[in-house]
Amino acid sequence: MPDHNQTAPGDLEVVRRFINTWSIPNDTREETDALPQLAGSPELWRTGFPENARARVDTVSRLQRLRTDLRRACRREVSGEDALNEWFSTAELSVKVRSIGDAVKLIVEPSEASFVGYVVAGVANAIASGEWLRLKTCPDCQWAFYDHTRNGTKRWCGMTKGGPEGRACGTIAKVRAYRAREEKKGSTG
Ligand SMILES: [Zn+2]
């Protein structure tokens, strides 16, 4: 997989796109929240989330709260785990058993059609499959990406600017560390 492939598998991709409705775009470098605008127009919402309609319970403030908590959980903060548990107990979820080939699996599903339910169920299933740990946010630009590396050690959104979403924060961090080392050298001798 190329370095710049950030797409998550299955429903987790919807979760990733949802997390990235808050971002710091490359061009402006200013914190931007696309949610109010997305939620304000059904057409716009459909372009972002074609398979997941927004229900009446999916208010902007509820969505924003969920997104903040998901970002916290992606940064592996303890409070993020508590917040996830809170969503698991308040979102209307149900557990179903499904035979997939020879395997029998438990699948978490939203029991009422809401975007929040869909996202929370997606997170639960990703935790069960182990994929959740590979959904990360860049410590620099905060962009959410899926770590496709074999050992799952990717830290920054990208080392190369692979597309409009790529910012090469890994390379920027390396250059910064190099410059800091050089400056230190310069000041000591
Ligand atoms: Zn980044």
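Overview of the structure. (Residues numbered from 1 in each chain as written. Predicted model: local features only at pLDDT ≥ 70, side-chain atom pairs only at ≥ 80, totals over all residues. Heavy atoms only, no water.)

As for the pattern of salt bridges
Then step 1. For the structure shown, the criterion picks out nine salt bridges.
Then step 2. One salt bridge connects Arg-67 with Asp-33, and the closest N-O pair in it is separated by 2.7 Å. You can see Arg-67 sitting in helix H4 (residues 60-74) and its partner Asp-33 sitting in strand E2 (residues 32-33), a full 34 residues away along the chain.
Then step 3. The class of Arg-67 is buried, set by a relative accessible area of 5%.
Then step 4. The closest approach of N and O atoms between Glu-77 and Arg-75, which form a salt bridge, is 2.8 Å.
Then step 5. Look at Glu-77 and you get partly exposed, because its relative accessible area is 31%.
Then step 6. What emerges from the salt-bridge pattern is a single network uniting Lys-96, Arg-98 and Glu-109. (Salt bridge = Lys/Arg side-chain N within 4 Å of Asp/Glu carboxyl O. Helix = DSSP H or I, 4+ residues; strand = E, 2+ residues; numbered from the N terminus. Buried < 20%, exposed > 50% of the residue type's maximum accessible area, 1.4 Å probe, protein only.)

What about the packing of aromatic side chains?
Then step 1. This structure, assessed with the given rule, holds four aromatic pairs.
Then step 2. With a centroid separation of 5.4 Å and 70° between ring planes, the pair formed by Phe-18 and Phe-115 is classed as edge-to-face. Taken together, the residues Phe-18 in helix H1 (residues 12-19) and Phe-115 in helix H6 (residues 115-129) connect sequence positions 97 residues apart.
Then step 3. Of the residues examined, Phe-115 reaches a relative accessible area of 0% and is grouped as buried. (Phe/Tyr/Trp six-rings, centres within 6.5 Å; stacked < 30°, edge-to-face > 60°.)

Here's the deal with the packing of H4 against helix H5 (residues 78-90)
Then step 1. Interhelical geometry of H4 versus H5 gives an angle of 135° and a closest axis separation of 7 Å. Taken together, the axes of H4 and H5 lie oblique to each other. Here H4 runs over H5; the crossing is left-handed. Between H4 and H5, the contacting residues are Arg-62, Arg-65, Leu-66, Asp-69, Leu-70, Arg-72 and Ala-73 on the first element and Ser-79, Gly-80, Ala-83, Leu-84 and Trp-87 on the second. (Axes fitted to C-alpha atoms, helices over the stretch in contact; angles between N-to-C directions. Parallel < 35°, antiparallel > 145°, perpendicular 65-115°, else oblique. Left-handed = near helix turned anticlockwise from the far one by under 90°. Contact = heavy atoms within 4.5 Å.)

Focus: H5
Then step 1. Between its terminal C-alpha atoms H5 stretches 19 Å, which fits the 18 Å expected from 13 residues at 1.5 Å a residue.
Then step 2. Along H5, the positions that sit buried rather than exposed are Gly-80, Ala-83, Leu-84 and Trp-87. End-on view of H5: buried residues confined to an arc of 105°, all on one side of the axis. Along H5, the residues that are exposed and aim more than 90 degrees away from the buried face are Val-78, Glu-81 and Ser-89.
Then step 3. Each element contacted by the buried residues of H5 is listed here: H4 and H6. (Expected span 1.5 Å × (residues − 1). Arc of directions from axis to C-beta.)

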